[in-house]
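Each chain is listed here by its residues.
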Amino acid sequence: MGCDGGTIPKRHELVKGPKKVEKVDKNAEMVAKWKYCALSQEKLRRPIVACEMGRLYNKDAIIEYLLDKSAERPNAEAVVHIRGMKDIKDLILTDNPEWEGERRNAKGDKYEDNCGMFICPVVGLEMNGKHRFCYLQTCGCVFSDRAMKEVKTEICHKCGDPFKNEDVVILNGTKEEVQKLRVQMEEKRAKAKTKKSKKSKAAESLSTSSESQPTSSGSKGDTEADAPGQSSQQNGDESKSAVAGPSGSSSVSKGTGSSLTTATKRSIQEMEDKSEAFKSLFTTHNSAKRTKDQMSNWVTHTPYHF
């Protein structure tokens, strides 16, 4: 069974066995989850946001996705559940003082260990994937799972805002944890829909009641409007009866009215206490009257000026 040159093949070269399953490098997977955006696959940079499933994104990438969802992206499946900015939360992260950034291994001649950019503000653990981290949906502060277990409180360790156990979301959890978070997310959205429907129904009932009230008030207004009309008719009848009453009363009222009109319409020229010089100031004086020869055929601005 020799070949050219006298070589002897081995068994694994002739017999094909089962293929080995390719294993994913755990370190590479952790770096991809904790240092790169789940949508754009770019390095994480502030501002960093997280969804209800616990995935990390660059806020710029999420905004671009929401503005144009039709564009093709490599990991569009990771953001299908994000409908708007309300579905994400800005994270309040604590910087790691030992993180040197890109300057640390610029030449590439050093060993690149898995150093995290951020740490837990309570315990000091690095956020590099080796330790479990979580964030609060109420305020967005990020802590390690160990800190949440060791210091059990209902108030945020960093900002002091109150929270519940339902508000704690694990970052980059396992498949089972992600499935639980998905179920919680669907339940919250269903509750929000029921609340919106109840509010809309209440608003519709209020609008219908407000529309029915003006109609009832309008009918009341008509009845009230009829009452003054009847009273006015009664007053008119009374006034007519007063006019059609005894002649003495009506003549007295007429006499008083005529005396008032004569007093008001009295001419200045008939006043004896006024002098002739004062009376000549008015057009009713005899000196102001003109003959027909002096009358003009047109009317000017000052008809008494010649």
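Refer to the structure printed above.
Scoring rules and cut-offs
- Residues numbered from 1 in each chain as written.
- Predicted model: local features only at pLDDT ≥ 70, side-chain atom pairs only at ≥ 80, totals over all residues.
- Heavy atoms only, no water.
- Buried < 20%, exposed > 50% of the residue type's maximum accessible area, 1.4 Å probe, protein only.
- Helix = DSSP H or I, 4+ residues; strand = E, 2+ residues; numbered from the N terminus.
- Pairing = 2+ DSSP bridges.
- 1 Å grid on protein atoms, 1.4 Å probe; cavity = no way out; pocket = protein on both sides within 12 Å on 5 of 7 lines; lining within 4 Å.
- Points joined across faces, edges and corners; volume = space filled by probe spheres on them.
- Phe/Tyr/Trp six-rings, centres within 6.5 Å; stacked < 30°, edge-to-face > 60°.

**Thoughts on the pairing of strand E6 (residues 133-136)**
No. 1: In E6, alternate side chains face the same way, and those of Phe133 and Tyr135 on one face and Cys134 and Leu136 on the other are all buried.
No. 2: With three bridges joining them, E6 and strand E7 (residues 142-144) adopt antiparallel strand pairing. Of the residues in E7, the one forming a bridge with Tyr135 is Val142.
No. 3: Between the antiparallel neighbours E6 and E7 lie five residues, among them Gly140 with a positive phi of about 90°.

**Comments concerning empty space enclosed by the protein**
Over the atoms, a rolled probe matching the size of one water molecule traces out where space is still vacant.
No. 1: Per the counting criterion, the structure on display carries two cavities of 30 Å³ or more.
No. 2: In this structure, the largest cavity occupies an estimated 60 Å³ of space.
No. 3: Together, Glu52, Gln137, Glu166, Val169, Leu181, Gln184, Met185 and Lys188 line the largest cavity.
No. 4: With four residues, the top contributor of residues to the lining of the largest cavity is helix H5 (residues 175-243).
No. 5: Put simply, the second largest cavity is a space of about 40 Å³.

**Regarding the packing of aromatic side chains**
No. 1: Within the structure shown, the criterion is met by two aromatic pairs.
No. 2: A ring pair is formed by Trp34 and Phe133, whose centres lie 6.4 Å apart and whose planes are at 65°; its orientation type is edge-to-face. Pair noted here: Trp34 is in helix H2 (residues 26-35) and Phe133 is in strand E6, with a separation of 99 residues, a long-range link. As far as burial versus exposure is concerned, Trp34 and Phe133 are alike and both buried.
No. 3: Summarising the aromatic geometry, the rings of Phe278 and Phe282 are spaced 5.3 Å apart at their centres and angled 70° between planes, so their arrangement reads as edge-to-face.
No. 4: Judged by relative accessible area, Phe278 falls into the partly exposed class, the value being 33%.
No. 5: A relative accessible area of 30% places Phe282 in the partly exposed class.

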